[in-house]
Amino acid sequence: MESKFVQQRLVAKNTIAVSFTKPENFTYQAGQFVELTLPHKQTDSRGEKRWFTLSSSPDEEILTITTKRAPSSSSFKEAVFNSRPGAPLRVSDPMGDFVLPRNESKQLLFVAGGIGVTPFRSMCATLSPQSNRPITMLYAAKSQEEFAYLETLKNHATVHEIIGTLTSDLLLDTAKELSEPMIYISGPEPMVASLYEALKHTYSQSQLLCDYFPNYTRKE
Ligand SMILES: Cc1cc2nc3c(=O)[nH]c(=O)nc-3n(C[C@H](O)[C@H](O)[C@H](O)COP(=O)(O)OP(=O)(O)OC[C@H]3O[C@@H](n4cnc5c(N)ncnc54)[C@H](O)[C@@H]3O)c2cc1C
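As the structure is a computational prediction, the values presented were derived from the model and not from experiment.

A. Inspection of the overall build of the protein at higher detail. If you tally the helices and strands in the protein, you get 5 helices and 11 strands. In terms of overall dimensions, the protein is globule-like: its C-alpha atoms have a radius of gyration of 17 Å, near the 17 Å expected for 220 residues. The principal-axis extents of the C-alpha atoms in the protein amount to approximately 50 × 35 × 30 Å. Excluding contacts between residues fewer than 6 apart, the proportion of contacts in the protein whose partners are at least 24 apart in sequence is 69%. Total accessible area on the protein is roughly 11200 Å²; 47% of this is exposed by carbon and sulfur atoms. Distance from the positive charge centre (23 side chains) to the negative charge centre (24 side chains) of the protein: 5 Å.

Here it is, written out as structure tokens:
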């Protein structure tokens, strides 16, 4: 589907929210992702397509993704950051089952590493002010300046900010306090994989949802 860039804004250190128009009849659930296609000159080996979770909420009029600017970005990211309002891009249909459960009384534990905050921003932004879903969040970032969207998150979740590494011990201790929680883990692939390993013997498959972001390393 055709779309056009609308605006960009810095939402945390090296973290940029990029908005583009919502194609007609495009609907999605908070937490889902899309594939963006952006043909550009001097495309590097990583190509002209990327997956991104929509950090916007489905009720917002424009679509937004949020991403990091690496010290040496791919040609795709450079093309995104250099795009002017009105420039075209293509958006796929939304995909993924990293979405809120129907049962509103379920205890939820959101676990975000760095840019992995994106689906949780979408979920918290879509909840009505009256919503009282029980949500606990562990959110790890490299430094205080790298936390994004704290205000929106804190409207609905009890957020524990962690500077540095989020350990599996902390995650297990936090989960133990909750009754049959659904645990959502989102972030760089190595982080998500190691936390999943630590939890998989204690929690069932249906309680554990993971969103892996490839091409991010712990160094970033
Ligand atoms: C379901 C899903 C959802 C996702 N959601 C998000 C999201 O919400 N936000 C988000 O930011 N990402 C998300 N991602 C990851 C995203 O698709 C990209 O893989 C990620 O942003 C890295 O982008 P990039 O490859 O353009 O590299 P960059 O971010 O530009 O760089 C990442 C690292 O790779 C190095 N690098 C850059 N170019 C090259 C190259 N050509 N060859 C070798 N190394 C290079 C950089 O120096 C840096 O160390 C998601 C992925 C999936 C599968």
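B. Just the environment of Ser186, in detail. Along the polypeptide, Ser186 turns up in strand β10 (residues 182-188). For Ser186 and Leu172, which are 14 residues apart along the polypeptide, the C-alpha to C-alpha distance reads 16 Å. Leaving out residues up to four positions away in the same chain, Ser186 has contacts with Phe98, Val111, Ala112, Gly113, Gly116, Pro119, Phe120, Met191, Val192, Asp211 and Phe213. For Ser186, the side chain forms a polar contact with the main-chain oxygen of Gly116, separated by 2.7 Å.

C. Representation of the site of the ligand within the structure. For the ligand, the set of nearby residues contains 24 residues, the closest of which are Trp51, Thr67, Ser74, Lys77 and Tyr216. Between a nitrogen atom of the ligand and a main-chain N or O atom of Thr53, the distance comes to 3.1 Å. Within the side chain of Lys77, a nitrogen or oxygen atom sits 2.6 Å from an oxygen atom of the ligand. Within the residue set of the shell around the ligand, elements represented by two or more residues are β4 (49-53), β5 (62-68) and β11 (208-213). For the shell around the ligand, the element with the most residues is β4, which contributes 4 residues. Taken together, the residues that form the shell around the ligand break down as 9 nonpolar, 9 polar and 6 charged.

D. Region of the structure containing the sheet that holds strand β8 (residues 135-141). Ordered in space as β9-β8-β7-β10-β11, the 5 strands form an open sheet in which the pairing is parallel. Among the strands making up the open sheet, the edge pair consists of β9 (158-163) and β11. Within the sheet, the average angular offset between the axes of one strand and its neighbour, ignoring direction, is 10 degrees. Inspection of the sheet shows β10 paired to β11 by 6 bridges, in the parallel sense. Paired with Ile183 across the strands is Leu208, a residue of β11. Against the sheet, helix α5 (residues 189-199) touches β7 (108-113), β10 and β11, its axis set at about 150 degrees to β10.

About the cut-offs
Residues numbered from 1 in each chain as written. Predicted model: local features only at pLDDT ≥ 70, side-chain atom pairs only at ≥ 80, totals over all residues. Heavy atoms only, no water. Helix = DSSP H or I, 4+ residues; strand = E, 2+ residues; numbered from the N terminus. Rg over C-alpha atoms; globule rule 2.2 N^0.38 Å. Contact = heavy atoms within 4.5 Å. Areas by Shrake-Rupley, 256 points an atom, 1.4 Å probe, with all protein chains shown as cover. Lys, Arg positive; Asp, Glu negative; His and termini not counted. Charge placed at Lys NZ, Arg CZ, Asp CG, Glu CD. Polar contact = N/O pair within 3.5 Å; in protein donor to acceptor, adjacent residues only side chain to side chain. Near = heavy atom within 4 Å. Nonpolar A, V, L, I, M, F, W, Y, C, P; charged D, E, K, R; others polar. Pairing = 2+ DSSP bridges. Axes fitted to C-alpha atoms, helices over the stretch in contact; angles between N-to-C directions.

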